Every structure is written in structure tokens, then in C-alpha cells.
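Examining the three-dimensional arrangement
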Amino acid sequence: MTIAVLDFGSQYAQLLARRVREQGVYSELFPHDAPAEAVMATKPRGFILSGGPASVYAEGAPQIPLYVLESGLPVLGVCYGMQALTHALGGVVDPAPQREYGPATLEVVRPNPLLPEGRYRVWMSHGDRVVRLPEGFVRLARTANSPIAAMGDLRRYFGVQFHPEVQHTPRGGEILRRFAVEICGAQTDWTPENIIAETVERVQAQVGEGEALAAVSGGVDSTVAAALVHRAIGGRLTAVFVDTGLLRAGEREQVEKTFRDALGARLVVVDATAEFLQALRGVTDPEAKRRIIGEKFIRIFEREAHKLGKPRFLVQGTIYPDVVESRAPDRSKAHRIKSHHNVGGLPEQMDFELVEPLRYLFKDEVRSVGEALGLPRPMVWRQPFPGPGLAVRCLGEITAERLAKLRAADAIFTQALEKAGLLRNGAQEAGAVSQAFAVLLPVKSVGVMGDRRTYQETVVLRAVTTDDFMTADWARLPADLLAEVSRRIVNEVAGINRVVYDITTKPPATIEWE
Ligand code: XMP
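Residues numbered from 1 in each chain as written. Predicted model: local features only at pLDDT ≥ 70, side-chain atom pairs only at ≥ 80, totals over all residues. Heavy atoms only, no water.

What follows is about the sheet that holds strand β11 (residues 237-243). Strand order in this open sheet of 5 strands is β12-β11-β10-β13-β14, and the pairing throughout is parallel. One side of each edge strand has no neighbouring strand; the edge strands of this open sheet are β12 (266-271) and β14 (353-355). Across the sheet, the mean angle separating the axes of adjacent strands is 30° when strand polarity is ignored. As judged from the 4 bridges shared by strand β10 (residues 212-215) and β11, these two strands associate in the parallel manner. Of the residues in β11, the one forming a bridge with A214 is A239. (Pairing = 2+ DSSP bridges. Helix = DSSP H or I, 4+ residues; strand = E, 2+ residues; numbered from the N terminus. Axes fitted to C-alpha atoms, helices over the stretch in contact; angles between N-to-C directions.)

Here it is, written out as C-alpha cells:
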């Protein structure tokens, strides 16, 4: 049972599904033209029609599918969704004299089941607006620029011109809850415990008595995915962790602790440090590093799979946003691996059937499930770490000695931030550092230590604040903290005599240095 969100091309469509789920009601997202059977198979209790860039009268503008109107289920149109609903039911939509973008004060003019009474802030982003209501509809609310900012027939159909899904509409969650729970009668049973129970059942049904293999990286997605499968099939899961030698301090131990100690799962640790170093010898080009690491990883994983007698199932940590972006929301198909489309980049001839326990979860839900499964908090809230690991932070040639320097400097920096409570791993609160690490430059400079002249390498400290990692600002860290980190690095890490702080935003720089 779900609230089906139909996507009419809004940048906020995923947010609609997420906000509904935050109210404890399961919601799925579908392209507006998804086959009726695929949508109805999820047993929707109601529909939300998202916003979108089109104008309802434009040629080829997406319309509300007939099955939605014929279903007899409640429908909430948001922005374009409200306009499409108006058009479909015989009302009139026109271009507004002015585009309305930004905050507005909503004034509820009639008590109704959708909107809490009163005046409150909402977020607007539209060009067209409803000018004549369909028959049987009444106006529910207005703003200064939108005489009809919300409408409804008070039984089944509702429309809002504003965006309840964005954070700038503080009461948006409450409005979506009223729609989903009070109007649609949906159950509020989407809790981490129920997600776990449902996923375990689904994995058991898929794998049966079979055996599964999981590649774990220490990242939150691969760990939670493997933990869920372990809960479902126990000892028939083998987790494989490849130590590339490109990991941060303590990472291998943390994976061992999580899998062996916390979960009691079978974990194979492959120490491939020497192999990776050998393959990377003399390589300085960033793209070449990435390619070599990707290929090497596949070969090693293949080798391990063969040793294990090639199980039929492979666990992947694919999450819902990946699924939505690939427009493949169909639940019914078992998905098989395709190496060039797959994030892990595993080869096709391995011919595994994929088990994707996180396929319907957003990142924040993956974290809640991880916590409910009892995984260690630092693992659940870990900051992002690139697949190629320290290789892309060790500029120039990668050697065991340079990696050791980088690892030591990185640990000093991140531990200082954690101790100061500044690195709230994973949390995206305003001002919190989202990602922080050290970079080793192949640049030597002159220094003086005691009475001795030194000529050694440089460490860069990089710390950024960001919501989505697409754009980022450098973190305004306290000068005292930077001073202490710098002092410790030059004193404790042999071969480093200079520490610099990166004060570049993204764009034009990237977060990583390679
Ligand atoms: P950039 O450097 O592009 O990084 O600003 C944005 C975010 O992506 C992470 N990143 C990667 N993650 N494989 C990954 O899994 C990679 O090759 C990779 N490169 C960058 C980076 O750490 C940051 O969070």
C-alpha cells in the first residue's frame, strides 16, 4: 500500500515521496506515463501529481492518465499537478501576470481536511495559475499573487499551487500527512522496523536456499545492504572486503568489527595492498589511477567469487534515487547485472542475479535502518569517501611510504574535527562540515626544524560544507583548531614540513583534488 507520486518533470518529485515517507506513509515515485499496471500493482491509496516545467495547453504537455481519474482514489495536484487537474476537470489555467517565485504567505479561507487553518509561509515557483475552478470545486486558500493558491472538491480532489515538499514550506509535512493519512486513509507503518521485516521477507523469497556474495567497502550503503541480507539468509551470505591499501586509518578494522563482531557474518578480507601498489607504480595521471583501480578491483573480486564456488546472487547497495534516475521503477523484474551500467562496475560474464535490499530506500532511510540493525554509529554516519580511496588524494606517484604519511595526517585532522564536534558525519545541518580530509602534494618546499634545514612535502587540509556535494563552500574552521592540527602534523608525521588550508569553493574547484 502506497501513495503514488507521479512525476511530471519537477526537480522536487523525489522530495514529495521522501516527505510523505517522513510522515510514516510509504510512497513510491513513477514517471507520469508509467504503465497503469505497474503503478496499480503497488496498491495505491491515493495519488500526488508533481510539479513540472510545462504549461498545460502547450503541445505535448503531459496530461493526467485516465486510470488515475477513473480509480476513484484521492488525488493531490501540486503546482503543475494542480493545473493539469484543473484542465482535466474542465477549469481554466492562464499565464499569471508575473511569475511567482519564492516565499509567500498562505491564507486559508475555508476550513478543509487538507490545510491547517491560519496564515503561514509557503514556497511558490510557477508561471501559470488556475483562474477558473472546475465545477464542484471551492477555493481553499490564497496568497497576495495567487487568488487561488489551493482548491478542492473537499472529497477526493485537491490542488495546491505552492510546494509542500520543500523545506521553505515549514508546514508542508503536516499538509502531506493530512492528505495521506486523513484523506487517503493510508497507514503510518513505514518505520525502520517494518522496513527491515519487509526487506528480509523479500530477500528470503528471492534467494530461497541459494547463496549470496556481497562486496563491502565500509560505506554505509554496502554495509547496510549486506547486513539486511545477512539477517535474511544468515550463513549463506559471504561478505568480501578488498583491502586495497588505499583506505584511511582504521577502516579495515572497522569493517571487521562490524561484520565479524557486531553481525557475526562470514567475512573474507582480501589483502590486496601489494597488488594495487604494483599496478599503480609510476602512475600519476588521475584518470589512469581510477581506471587501474577499477579494473584491479574487478579482477580480485572475480577471483574470490570463483574460490567461493560462484554463488548465484550478488548483493548490491543500489538506493532509490539511482533507481528513479534510471527510470526503472518496476518491482516485478529481477534485475541482472550489466557491468557498464553498474556502479560497482562488475563484469557481465559473472552472470549474477542481483539482490538489492535498498532499492526502495532513500539515503536517510538507509541510515535509520542501519541504526535499527544495531550497526555502529560512526559507520552509519560516515562521511563520503571516494571509491578509488586515498589514491586520488595522494597526488603524484603512489607509494606505501607516501600513503602512510597521508593516512597519518588525515587521521590527525579528522580526529581533531570530531573531537571539536565539527564533523557531524552525514548530518546536513547548516554550518556542519560535510566532508573533511587531507591531501598529500608532490611539492617539496624548504623549512627549518631545530637547526636543520628541511626539504619536504606539503599536506593540504580540505573541509567543506555542502547540501548535495554538487556545490560546496570551504568550511570556516576555527583558527585555533587549524593551528593545532598543523602543529601536530609537522611534529608527528615525518616527511611533512608544511600544512596549507584549501579556501576554494566548488565550482570552480572540485571537492577532491583529483
Ligand atoms: P568532487 O571532487 O567531484 O566530489 O567535487 C564530489 C563528491 O563525490 C565524491 N567522489 C567520488 N566518489 N568515486 C566515488 O565513489 C569517485 O571516483 C569519486 N570522486 C569524488 C567526493 O568525495 C565528494 O563527496
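There's plenty left to go through after this.
Let's shift gears to the pairing of strand β7 (residues 138-142). Looking at chain direction, strand β5 (residues 92-108) and β7 are connected through 2 bridges and run antiparallel. Within β7, the residue paired with V108 across the bridge is A141.

So, about the site of the ligand. Neighbouring the ligand are R290, P384, P386, G387, P388, Q435, F469, K506, T510, I511 and E512. Contacts to the ligand include R290, whose side-chain N or O atom sits 2.9 Å from a nitrogen atom. In this structure, I511 approaches the ligand through a main-chain N or O atom, which is 2.7 Å from an oxygen atom. Across the complex, the protein chains shield 68% of the 490 Å² of accessible surface that the ligand would expose by itself. (Near = heavy atom within 4 Å. Polar contact = N/O pair within 3.5 Å; in protein donor to acceptor, adjacent residues only side chain to side chain. Areas by Shrake-Rupley, 256 points an atom, 1.4 Å probe, with all protein chains shown as cover.)

Before going further, it helps to spend a moment on the pattern of salt bridges. Following the criterion strictly, the structure yields 29 salt bridges and no others. Residue R393 is joined to E512 by a salt bridge in which the shortest nitrogen-to-oxygen separation is 2.8 Å. In this pair, R393 sits in the loop between α13 (377-380) and α14 (400-419) while E512 sits in the segment after β18 (496-501), placing the two residues 119 residues apart along the sequence. Classification of E512 as buried rests on a relative accessible area of 13%. Within this structure, E107, R119 and R142 form a network of salt bridges that share partners. (Salt bridge = Lys/Arg side-chain N within 4 Å of Asp/Glu carboxyl O. Buried < 20%, exposed > 50% of the residue type's maximum accessible area, 1.4 Å probe, protein only.)

This part takes up the packing of aromatic side chains. Summed over all chains, the structure comprises 9 aromatic pairs. A ring pair is formed by Y26 and W190, whose centres lie 4.4 Å apart and whose planes are at 45°; its orientation type is tilted. Pair noted here: Y26 is in the loop between α1 (13-22) and β2 (27-31) and W190 is in the loop between α5 (172-183) and α6 (192-207), with a separation of 164 residues, a long-range link. Owing to a relative accessible area of 8%, Y26 belongs among the buried residues under this scheme. Given the relative accessible area of 10%, W190 is considered buried. Seen in terms of ring centroids, Y320 and Y360 are 6.0 Å apart; in terms of plane orientation they differ by 45°. Their pairing is tilted. Of this pair, Y320 sits in helix α11 (residues 320-325) while Y360 sits in the loop between β14 and α12 (363-372), and the two are 40 residues apart along the sequence. For the pair shown, Y320 and Y360 are each scored as buried. Pairwise contacts between aromatic rings join Y320, Y360 and F362 into one cluster. R248 extends its terminal NZ or CZ atom over the ring of F385, reaching a point 3.9 Å from the ring centre. (Phe/Tyr/Trp six-rings, centres within 6.5 Å; stacked < 30°, edge-to-face > 60°. Lys NZ or Arg CZ within 6 Å of the ring centre and 35° of its normal.)

We now examine the nonpolar core. Burial of nonpolar side chains together is a common tendency in soluble globular proteins. With 126 residues, the main nonpolar core has I48, L115 and I489 as its most contacted residues. A per-element tally of this core places helix α7 (residues 220-233) first, with 9 residues. The residues contacting I489, other than those within four sequence positions of it, are A409, I412, V459, L461, I496 and V499. Grouped together as the second largest cluster of nonpolar side chains are 26 residues, F8, V75, V130 and F137 included. (Core = buried A, V, L, I, M, F, W, Y, C linked by side-chain atoms within 4.5 Å. Contact = heavy atoms within 4.5 Å.)

What follows concerns the sheet that holds strand β6 (residues 119-132). Taken together, the 9 strands give an open sheet; going across it, the order is β2-β1-β3-β4-β9-β8-β7-β5-β6, and neighbouring strands pair in mixed fashion. Edge positions in the sheet fall to β2 and β6, since each of these pairs with one other strand and no more. Neighbour-to-neighbour, the strand axes of the sheet open up by a mean angle of 25°, direction not taken into account.

Turning our eyes to something else, we now look at unusual backbone geometry. Most peptide bonds take the trans configuration, and most residues that are not glycine carry a negative phi. Residues K506 and P507 are joined by a peptide bond in cis, for which omega reads -15°. Of note, C79 is a non-glycine position whose phi angle comes to about 55°, a positive value. Tracing the backbone shows C79 in the loop between β4 (75-78) and α4 (80-88). With phi around 65°, F469 is a residue other than glycine that occupies positive phi space. Tracing the sequence through the fold places F469 in the loop between β16 (452-465) and β17 (473-474).

Attention shifts here to the side chain of D221. Turning to its location among the elements, D221 is positioned in helix α7. With residues up to four places along the chain from it excluded, the contact list for D221 reads G317, I319, L358, K363 and V366.

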